[in-house]
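Residues per chain, in single letters:
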2 protein chains.
Amino acid sequence: MKITYKGDYALKTILDLSLHFGEGPITINDLARRADIPIKFLEQILLDLKSAGFVESRRGKIGGYLLSRAPSEIKLGEVVRFIDGPIEPIACVDKSYKGCKDLSTCVFRNIWSKIRDSTSATIDSITFEDLARRAKESSAVVVYQI
Amino acid sequence: MKITYKGDYALKTILDLSLHFGEGPITINDLARRADIPIKFLEQILLDLKSAGFVESRRGKIGGYLLSRAPSEIKLGEVVRFIDGPIEPIACVDKSYKGCKDLSTCVFRNIWSKIRDSTSATIDSITFEDLARRAKESSAVVVYQI
DNA sequence: CTATACTCTACTATTATAATAGAGATTATA
DNA sequence: TATAATCTCTATTATAATAGTAGAGTATAG
Ligand code: FES
Ligand code: FES
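So, here is what we can say about the structure in this document.

Parameters and conventions
- Residues numbered from 1 in each chain as written.
- Chains lettered and ligands numbered in written order.
- Predicted model: local features only at pLDDT ≥ 70, side-chain atom pairs only at ≥ 80, totals over all residues.
- Heavy atoms only, no water.
- Near = heavy atom within 4 Å.
- Polar contact = N/O pair within 3.5 Å; in protein donor to acceptor, adjacent residues only side chain to side chain.
- Helix = DSSP H or I, 4+ residues; strand = E, 2+ residues; numbered from the N terminus.
- Nonpolar A, V, L, I, M, F, W, Y, C, P; charged D, E, K, R; others polar.
- Expected span 1.5 Å × (residues − 1).
- Buried < 20%, exposed > 50% of the residue type's maximum accessible area, 1.4 Å probe, protein only.
- Axes fitted to C-alpha atoms, helices over the stretch in contact; angles between N-to-C directions.
- Left-handed = near helix turned anticlockwise from the far one by under 90°.
- Contact = heavy atoms within 4.5 Å.
- Core = buried A, V, L, I, M, F, W, Y, C linked by side-chain atoms within 4.5 Å.

**Observations concerning the protein's contact with DNA strand D**
And then number 1: Close to DNA strand D lie 28 residues, the nearest being Lys40, Gln44 and Arg59 of chain A together with Lys50 and Tyr65 of chain B.
And then number 2: Sugar and phosphate atoms constitute 66% of the interface atoms of DNA strand D, taking the interface as everything within 4 Å of the protein.
And then number 3: In the model, a phosphate oxygen of DNA strand D is placed 3.0 Å from a nitrogen or oxygen of the Ile28 of chain B main chain.
And then number 4: Note that a base nitrogen of DNA strand D is positioned 3.5 Å from one of the side-chain N or O atoms of Glu43 of chain B.
And then number 5: A per-element tally of the surface near DNA strand D places helix H3 (residues 39–51) of chain B first, with five residues.
And then number 6: When its residues are assigned to classes, the surface near DNA strand D shows nine nonpolar, nine polar and ten charged.

**Observations concerning the protein's contact with DNA strand C**
And then number 1: Near DNA strand C lie 27 residues; those nearest to it are Lys50, Ser57 and Tyr65 of chain A together with Lys40 and Gln44 of chain B.
And then number 2: For DNA strand C, the fraction of protein-proximal atoms (within 4 Å) that sit in sugar or phosphate groups is 65%.
And then number 3: Contact between DNA strand C and Gly60 of chain A: a sugar or linking oxygen at 3.3 Å from a main-chain N or O atom of the residue.
And then number 4: Looking at the surface near DNA strand C, the elements with two or more residues in it are helix H3 (39–51), strand E1 (55–58) and strand E2 (64–67) of chain A together with helix H1 (5–19) and H3 of chain B.
And then number 5: At four residues, the largest contribution of residues to the surface near DNA strand C is made by H3 of chain A.
And then number 6: Of the residues belonging to the surface near DNA strand C, the class tally is nine nonpolar, nine polar and nine charged.

**Observations regarding H1 of chain B**
And then number 1: With 15 residues, H1 of chain B extends 21 Å between its outermost C-alpha atoms, agreeing within 8% with the 21 Å of an ideal straight helix rising 1.5 Å per residue.
And then number 2: Most of H1 of chain B sits inside the fold, with eleven of its 15 residues counted as buried.

**Overview of the packing of helix H2 (residues 28–35) of chain B against H3 of chain B**
All names here are of chain B.
And then number 1: In contact at an axis separation of 9 Å, H2 and H3 are set at 115 degrees when each is read in the N-to-C sense. The handedness of the crossing between H2 and H3 comes out as right-handed. From H2, Ile28, Asn29, Leu31 and Ala32 reach across to H3, where they touch Ile39, Leu42, Glu43 and Leu46.
And then number 2: Here the contact of H2 with H3 is composed, by residue class, of six nonpolar, one polar and one charged.

**Digging into the nonpolar core**
Looking at soluble globular proteins, one finds that nonpolar side chains tend to be buried together.
And then number 1: One finds Trp112 of chain A together with Leu49, Leu76, Val79 and Phe128 of chain B to be the most contacted residues of the largest nonpolar core, which totals 40 residues.
And then number 2: Elements supplying a minimum of two residues to this core: helix H5 (109–124) of chain A together with H1, H2, H3, strand E2 (64–67), helix H4 (76–84) and helix H6 (128–145) of chain B.
And then number 3: With six residues, H1 of chain B is the largest single contributor of residues to this core.
And then number 4: Setting aside residues up to four positions removed in sequence, Phe128 of chain B forms contacts with Phe108 of chain A together with Leu11, Ile14, Leu15, Ser18, Pro71, Ile74, Lys75, Leu76 and Val79 of chain B.

Following this line, the structure appears as structure tokens:
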């Protein structure tokens, strides 16, 4: 698995929307500014996230984006897979890969599968509700630290 | 972590050398043919592996490549990191990454670290001696299966 | 009506990946 | 010592992925 900028931006945006869930739409402009994301790039990412059903949009004045589902219903892994593709560290682990000739004998295959499985278990056990809670706690801690 | 073709080729080559450890040098040609690797690409990979001290070479007739260390002394993780870079799924986890502004508050950081650690633990617990043993066992099984 | 905000498609720049090419250096051995 | 086999080194190329940028178009609240 490799988290690209696009993936990083998508996750931070969904987290932002999670932190304001139920408070009405947030504009691309605000989302981009708060997470320091190039606005035109974020536009594209949001259209992708919309096509996948993670977010919905309101056009015109008072427009913006909001989550289609509650943060508790969105797993970290879902967003990662949608934006940055399959979790496995090598395409072989999935079906149909030219490199994988000796499917039955390749000794690396089990290792890549194991890594994929433990990584999947981690990112599928975390929802954006969890992340939002942690973000609130963590910013509270920072306030105390300052 | 992302295993590239180059990484895949390097691992298969070190495994081949491990399976013939102590039997003298093997030519690039043989290594390339047996693993179905483009020969000129493998030349470069072997030079890299040599520079890192994984293998050594003999020039001229009866030349070829052999392992610098016993297979039991080469961890899978060492080769993966050398060829395909750091294990973490996002550069943020390492020091000095522009994306990582709120080091103290980013809630994703711990997750990427956890994935890096479990992946590292997996690939650092396996040596090429282990892999060679598995390869022998697995090919024995295939013989019986046919 | 119009300012604000999302939509859609195309384009571009940079880097990484996966090779390919070819001339050069070394060595066993006939 | 000639020579075939083999590694060495640098340069070049092709393709794809990544990370944007650009701009015209559509919808809506007030
Ligand atoms: S060749 Fe596909 S996992 Fe090894
Ligand atoms: S911004 Fe670096 S891990 Fe989140």
